[in-house]
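# A structural walkthrough
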Amino acid sequence: MSLRPGPSAAPAGPGLVTPAIRATGLRKRYPGVDAVDGIDLSIAPGESFGFLGPNGAGKTTTIAMLCTLAVPTAGRIEIAGHDTRTDPVAARRRIGLLFQETTLDNELTAAENLRFHADLYDVPQPRVPARIEETLRLVGLTGSRDRLVRTFSGGMRRRLEIARALLHRPQILFLDEPTIGLDPHTRAEVWRYLRHVCEHEAVTLFLTTHYLEEAEQCDRIAILDEGRIVAQGSPAELKSVLGADRVDLRTGDDAAAARLVRERLGLAVTEGPRGLSFQAPDGTRVLPRLLAELDVPVYEAKVTQPTLDDVFLHHTGHRIRDDGPAAPPEAPPPPSPAPAGPDTGTGGLRAELRAMRMVWRREMLHFARDRTGAAISMSQPLLFLFILGVGLAGLMPDVSGPAYQLFLFSGVLVTAAQGPAVAAGASILWDRQGGFLREMLAGPVNRSTLLIGKCLGGATVATCQAALLLSVAGLIGLPYDAGLLALLLAELALTALAMTVLGVLLATFIRRPQTFGTALTVLMAPLVFLSGSMFPLSAMPTWMAGLALANPLTYAVDAMRRTIAAYLPDPPARLFQPLQWGGWHPPVIFEWALIAGITLLALAVATRRFSRTD
Ligand SMILES: Nc1ncnc2c1ncn2[C@@H]1O[C@H](COP(=O)(O)OP(=O)(O)OP(=O)(O)O)[C@@H](O)[C@H]1O
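Residues numbered from 1 in each chain as written. Predicted model: local features only at pLDDT ≥ 70, side-chain atom pairs only at ≥ 80, totals over all residues.

Each helix and strand counted, the protein chain has 22 helices and 14 strands in total. For a compact globule of 614 residues, the expected C-alpha radius of gyration is about 25 Å, and the protein chain comes in at 32 Å, more than 25% above that figure. By its C-alpha atoms, the protein chain is 115 × 50 × 45 Å across when sized along the principal axes. Within the protein chain, the proportion of its 614 residues that are buried is 44%. Considering only intrachain contacts with a sequence separation of at least 6, the fraction spanning at least 24 residues in the protein chain is 78%. (Helix = DSSP H or I, 4+ residues; strand = E, 2+ residues; numbered from the N terminus. Rg over C-alpha atoms; globule rule 2.2 N^0.38 Å. Buried ≥ 20, exposed ≤ 12 C-beta atoms within 10 Å, placed from the backbone. Contact = placed C-beta atoms within 7 Å.)

Strand order across the open sheet formed by 4 strands is 12-13-11-14, with antiparallel pairing between neighbours. At either margin of the open sheet sits one strand with a lone partner, and together these are strand 12 (269-272) and strand 14 (298-304). Between one strand and the next, the sheet's axes are offset by a mean angle of 15 degrees, whatever the strand orientation. (Pairing = 2+ DSSP bridges. Axes fitted to C-alpha atoms, helices over the stretch in contact; angles between N-to-C directions.)

Moving on: the pairing of strand 13 (residues 275-280). Two strands pair when backbone bridges link them, and strand 11 (residues 245-251) and strand 13 are joined in this way by 5 bridges, in the antiparallel orientation. If you follow Asp 245 over to strand 13, its bridge partner there is Ala 280. Alignment of strand 12 against strand 13, held across 4 bridges, turns out to be antiparallel. Across the sheet, residue Val 269 finds its bridge partner in strand 13, namely Phe 278. Linking two consecutive strands that pair antiparallel, namely strand 12 and strand 13, is a turn of 2 residues.

Before going further, it helps to spend a moment on the UniProt feature "transmembrane region" (unreviewed entry) in the protein chain. UniProt marks residues 372-395, 407-430, 451-478, 484-509, 516-537 and 588-606 with the feature "transmembrane region" (unreviewed entry), using the numbering shown here. When the span residues 516-537 is considered, its composition is 64% helix and 0% strand, and the gap between its end C-alpha atoms is 29 Å. (UniProt positions renumbered as here; feature names shortened; annotations may be inferred.)

With that out of the way, let us pick up the sheet that holds strand 1 (residues 21-30). The 4 strands lie next to each other as 2-1-4-5, forming an open sheet whose pairing is antiparallel. Unpaired on one side and paired on the other, strand 2 (33-43) and strand 5 (82-83) mark the two borders of the sheet. Bridge count for strand 4 (residues 74-79) against strand 5 is 2 bridges, and the pairing is antiparallel. The residue of strand 5 that forms the bridge with Glu 78 is Asp 83. In the packing of helix 1 (residues 59-66) onto the sheet, the strands contacted are strand 1, strand 2 and strand 4, and the crossing angle to strand 1 comes to about 120 degrees.

Our focus in this paragraph is the site of the ligand. Not every one of the 13 residues close to the ligand is listed here, only the nearest: Tyr 30, Ala 35, Asn 55, Thr 60 and Thr 61. Elements with a minimum of two residues in the shell around the ligand: strand 2 and helix 1. Take the shell around the ligand: its biggest share by element is 3 residues, from helix 1. Residues that form the shell around the ligand fall into these classes: 4 nonpolar, 8 polar and 1 charged. (Near = placed C-beta within 6 Å. Nonpolar A, V, L, I, M, F, W, Y, C, P; charged D, E, K, R; others polar.)

Turning our attention to the environment of Arg 357. Note on placement: Arg 357 falls in helix 12 (residues 349-369). Taking the C-alpha atoms as reference, Arg 357 lies 54 Å from Pro 306; in sequence the two are 51 residues apart.

Let us look at the packing of helix 3 (residues 110-120) against helix 4 (residues 128-138). It is at 10 Å that the axes of helix 3 and helix 4 come closest, and there the two elements cross at 125 degrees. Compared by their axis directions, helix 3 and helix 4 come out oblique. Crossing handedness for the pair helix 3 and helix 4: right-handed. Two secondary-structure elements touch here, helix 3 through Ala 110, Ala 111, Leu 114, Arg 115 and Ala 118 and helix 4 through Val 128, Arg 131, Ile 132, Thr 135 and Leu 136. Class assignment of the residues belonging to the contact of helix 3 with helix 4 gives a composition of 7 nonpolar, 1 polar and 2 charged. (Parallel < 35°, antiparallel > 145°, perpendicular 65-115°, else oblique. Left-handed = near helix turned anticlockwise from the far one by under 90°.)

Of all hydrophobic cores here, the largest spans 145 residues; its most connected members are Ala 163, Phe 174, Leu 413, Ala 417, Cys 455 and Val 501. Two domains each provide a minimum of three residues to this core, namely domain 1 (21-238) and domain 3 (349-611). For Leu 413, the residues in contact, after removing those within four places along its chain, are Ala 466, Leu 469, Leu 492 and Met 560. Core analysis: the next-biggest nonpolar cluster, separate from the first, contains 8 residues, Leu 249, Ala 258, Val 261 and Val 286 among them. (Core = buried A, V, L, I, M, F, W, Y, C linked by C-beta atoms within 7 Å. Domains from an automatic or database assignment.)

With 91% of its residues at a pLDDT of 70 or more, the protein chain shows a mean pLDDT of 84. Counting contacts from residues 5-14, a segment whose pLDDT is below 50, to residues more than four positions away or on other chains yields 15 contacts. Counting contacts from residues 322-341, a segment whose pLDDT is below 50, to residues more than four positions away or on other chains yields 39 contacts. (pLDDT = per-residue confidence, 0-100.)

As judged from the 5 bridges shared by strand 1 and strand 4, these two strands associate in the antiparallel manner. Residue Ala 23 lies in a different strand from strand 4, and its bridge partner there is Ile 77. In this structure, strand 1 lies alongside strand 2, joined through 8 bridges in antiparallel fashion. Paired with Ala 23 across the bridge in strand 2 is Leu 41. Hairpin connection of strand 1 to strand 2: 2 residues between the antiparallel strands, including Gly 32 at a positive phi of 80 degrees.

Our focus in this paragraph is the environment of Gly 435. Relative to the assigned elements, Gly 435 resides in the loop between helix 14 (401-434) and helix 15 (436-441). Sequence-distant contacts of Gly 435, that is, excluding residues within four places in its chain, are made with Phe 99, Glu 101, Thr 102 and Thr 103.

The next thing to look at is the packing of helix 12 against helix 16 (residues 447-472). One way to put it is that helix 12 packs onto helix 16 with a least axis distance of 8 Å and a crossing angle of 35 degrees. Between helix 12 and helix 16 lies a crossing whose hand is right-handed. Facing Glu 352, Ala 355, Met 356, Met 358, Val 359, Trp 360, Arg 362, Glu 363, Met 364 and Phe 367 of helix 12, the residues of helix 16 in contact are Thr 449, Leu 450, Ile 452, Gly 453, Lys 454, Leu 456, Gly 457, Gly 458, Thr 460 and Val 461. Considered class by class, the residues forming the contact of helix 12 with helix 16 number 11 nonpolar, 5 polar and 4 charged.

This part covers helix 9 (residues 254-265). Spanning 12 residues, helix 9 covers 16 Å between terminal C-alpha atoms, matching the ideal 16 Å at 1.5 Å per step. Buried residues of helix 9: Ala 257, Ala 258 and Val 261, and no others. One side of helix 9 carries all its buried residues, which in axial view fall inside an arc of 100 degrees. Counted as exposed and oriented over 90 degrees from the buried face of helix 9: Ala 255, Ala 256, Arg 259, Glu 263 and Arg 264. Close packing links the buried residues of helix 9 with strand 11, strand 12, strand 13 and helix 10 (283-293). One or two positions beyond helix 9, positive phi appears at Gly 266, with a value near 65 degrees. (Expected span 1.5 Å × (residues − 1). Arc of directions from axis to C-beta.)

As a further point, take the environment of Ala 493. One can find Ala 493 in helix 17 (residues 482-507). Accessibility expressed as a C-beta count within 10 Å gives 19 for Ala 493, which makes it partly exposed. Between the C-alpha atom of Ala 493 and that of Ala 462, which follows or precedes it by 31 residues, the distance is 7.9 Å.

Here's what the structure looks like:
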């Protein structure tokens, strides 16, 4: 059975058609393992190509390289004529991807997941709502469009992922083990949708599987073992190479039966716990002759045409594990989508800005949906202000309580912004672990765009959260002056951006979110303690004040404190004395320029590191 009605697509001849996928000398070496060891591929537009191999053969690694998600150790890849090394964004624009593991955002609804994908791929805005409805209908999820994905079953997620992979009408659809882990019914359903897509959309399919039934449906197959292609061709071609049937026998004395086959027929026999098997050019004629001569009881005798498993055995010396589905049942196709056609923009600055806004919006949606998290991270600065503020003020009889609380307030704002700001860094790691990062990295935009969107999202959330504190600041005597509030908000936004970027930079050095949490606890406490947020730098020993001057947060705290002091009638000089370098008080504008410079530098390093992510 083929995925497509009609004849198989032929591979492109040299100079005729640009191959949909071309790879030459492709290699990927991980420490201690050659995951892919010199692969050459040429796949014609419209062809369905199956990559068949056991676990660990290198299928996922190959797909990751073809989709620009992993950097090849050697070799060259072209996707629809675009070199993935020199023009990865153009290559990604032509690709739809169904990953092996789920890469949906569980905290978004089905429609929101699709909407974000449309933004990432720059699907023309006016067409987005209809396209979402159409793909949801194609996979039978119209009724679940507004449900959070975390409430979906495994099959529903898979269908939604197929819908998402097709949303921007890709030229080439990569499917990495599309039915792994699904029950037979859902597998059949997924194949029903894929068959439908192949029949109605001019898509090139590249499919990895270790299920023989799925590979059988492709126009061409490559058999992969230990990182190398050991055979390539249509299923019929591959099987015809064997030119023999397989005969399986289970008897009362398998050893005697095997001896007879060897001596009388001169054929090689494989004996196993469940009987013996051998290859014979014409099994249906050989078997009756053999049975007539055998004088041991025969419990089971079977002749089978060669299967892909036999082809695999022939080329590799071992069998492929196949706990795959029965042949997917034929079923009436779901409603037809609109005629095929490219549905992405041509890229450029507008598309990059749209993707950046998408990442930003996702951060905002997560913030809006996590009220508990927001309430918890607000509790720390409030405790800081009302417990520390009142408690420590008692130790300073010459300073009034409210004056000390006002002194503390800039540090409190920084602390309030700190939690959500650094959470943006952690969320990159959670996105990597949860899979959504791969959906973003596979998108046809620059990785710096995604990172900047993430930083802006984190900074906005952090600013909003810290700004809530301004609404209660009247309780400690902060003047409600529009000019002061506007200045503090602007200063907060820059501080939040700086902290978000530093958090994101840290995240580019770490792979596990848990490690990130530990690293933050270790790093953040000294940064906050050594920022002059709780006591003036003038109260610190010289060496400690020197360390504080190397801390970017010190300048943010000092600048905001000076802004507040400018609006107080009589700020105590002992507390509100500006920081100094030697005898020089750097102006506030200088402090902000310094923070902005550090932020830009950290952003440049983070972007560089993130862009190299494998
Ligand atoms: N990030 C990595 N670091 C180190 N080794 C890796 C990494 N990714 C894959 N490998 C190794 O590369 C080899 C090929 O792995 P790959 O996931 O490509 O195989 P596969 O054919 O897709 O297997 P499966 O069917 O189980 O998905 C394996 O030995 C695997 O352990």
